[in-house]
Amino acid sequence: MNTKVLYDMSYGVYFAATLDGDKKVGCVANTAFQITAEPVRIGVSVNKNNYTEDCIRKSGYFTLTIASEETPIEVIGKFGFYSARDIDKFENVAFKTTDGGYPVIDEKCCSYLLCKVEAEVDCD
């Protein structure tokens, strides 16, 4: 198989974010998709080696922010190439919080969802 075909697949850029206690954490999630409309169900892939994935598992909730073409590349890089274990990814990044206090990135993004984890699938 020619794996270069993978470069032709389209997808968006998403930010998954949650809390570790009162610490805001987040990462880039390359894949999110609608499973059903009624009831609303989505699928999101998060690398299981990410600190954020561990925090989502513990919390049971996360936000999924949908980036736009205008989302600054610096924000995407910050959430995609660094660990929240080592830096405060939300420092100098515009964000708001949901009623439950979950962070939503507000850097020229399209919209967001507040999600409750219903099931996990390990794709190891």
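Higher on the page you've got the structure.
What comes next is a walk through the structure. Residue positions are given per chain, counting from 1 as you read along its sequence in written order. Two thresholds apply to this predicted model, a pLDDT of at least 70 for residue-level local features and 80 or more for giving and counting side-chain atom pairs, whereas whole-chain, interface and lining totals are computed over all residues. The basis for every side-chain value is the complete set of non-hydrogen atoms in the structure, without hydrogens or water.

**Focus: the packing of aromatic side chains**
We call Phe, Tyr and Trp rings a pair once their centres come within 6.5 Å, taking the six-membered ring for Trp, and we label the pair stacked below 30 degrees between planes, edge-to-face above 60, and tilted otherwise. The tally for this structure, following the rule as stated, stands at four aromatic pairs. The interplanar angle of 40° and the centroid separation of 5.9 Å between the aromatic rings of Tyr61 and Tyr102 together place this pair among those described as tilted. Remark: Tyr102 occurs in the loop between β6 (95-97) and β7 (103-105) and Tyr61 occurs in strand β5 (residues 61-67); sequence separation between them is 41 residues. Tyr102 sits in the buried class, given a relative accessible area of 14%. Between the aromatic rings of Phe79 and Phe90, the centroid separation amounts to 5.1 Å while the plane-to-plane angle is 85°, which identifies the pairing as edge-to-face. Residue Phe79 is found in helix α2 (residues 73-81), and its partner Phe90 is found in the loop between α2 and β6; the two are separated by eleven residues along the sequence. Among the aromatic side chains, those forming a connected cluster through ring pairs are Phe15, Phe79, Phe90 and Phe95. Strands are runs of DSSP state E lasting at least 2 residues, helices are runs of H or I lasting at least 4, and numbering of each runs from the N terminus. Accessible area is worked out with a 1.4 Å probe on protein chains only. A residue is then buried under 20% of its type maximum, exposed over 50%, and partly exposed in between.

**Comments concerning the sheet that holds strand β2 (residues 23-29)**
Strands are treated as partners if at least two bridges between them are detected by DSSP. The sheet built from four strands is open, its strands ordered β2-β1-β5-β8 with antiparallel pairing. Edge positions in the sheet fall to β2 and β8 (109-116), since each has one partner strand and no second. Shown here is a sheet whose adjacent strand axes are inclined to one another by a mean of 25°, direction ignored. Where strand β1 (residues 14-20) and β2 come together, seven bridges link them in antiparallel fashion. If you follow Asp20 over to β2, its bridge partner there is Lys23. Throughout, a residue-residue contact means that at least one pair of heavy atoms, one from each residue, lies within 4.5 Å. Note on method: axes are straight lines fitted to C-alpha atoms, helices fitted across the in-contact stretch only, with angles between N-to-C directions ranging 0 to 180 degrees. Contacts between α2 and the sheet are confined to β1 and β2, with β2 contributing the most and set at about 100° to the helix.

**Quick look at α2**
Among the residues of α2, those classed as buried are Val75, Ile76, Gly77, Lys78 and Phe79. In this structure, the buried side of α2 is in contact with β1, β2 and β7.

**Details of the pattern of salt bridges**
For salt bridges, the criterion is a side-chain nitrogen of Lys or Arg within 4 Å of an Asp or Glu carboxyl oxygen. Enumeration according to the criterion identifies four salt bridges in this entry. Between Lys58 and Asp54 there is a salt bridge whose closest N-O contact spans 3.2 Å. In this pair, Lys58 and Asp54 both sit in helix α1 (residues 51-59), four residues apart, roughly one turn of the helix. Judged by relative accessible area, Asp54 falls into the partly exposed class, the value being 26%. Within this structure, Glu53, Arg57 and Glu120 form a network of salt bridges that share partners.

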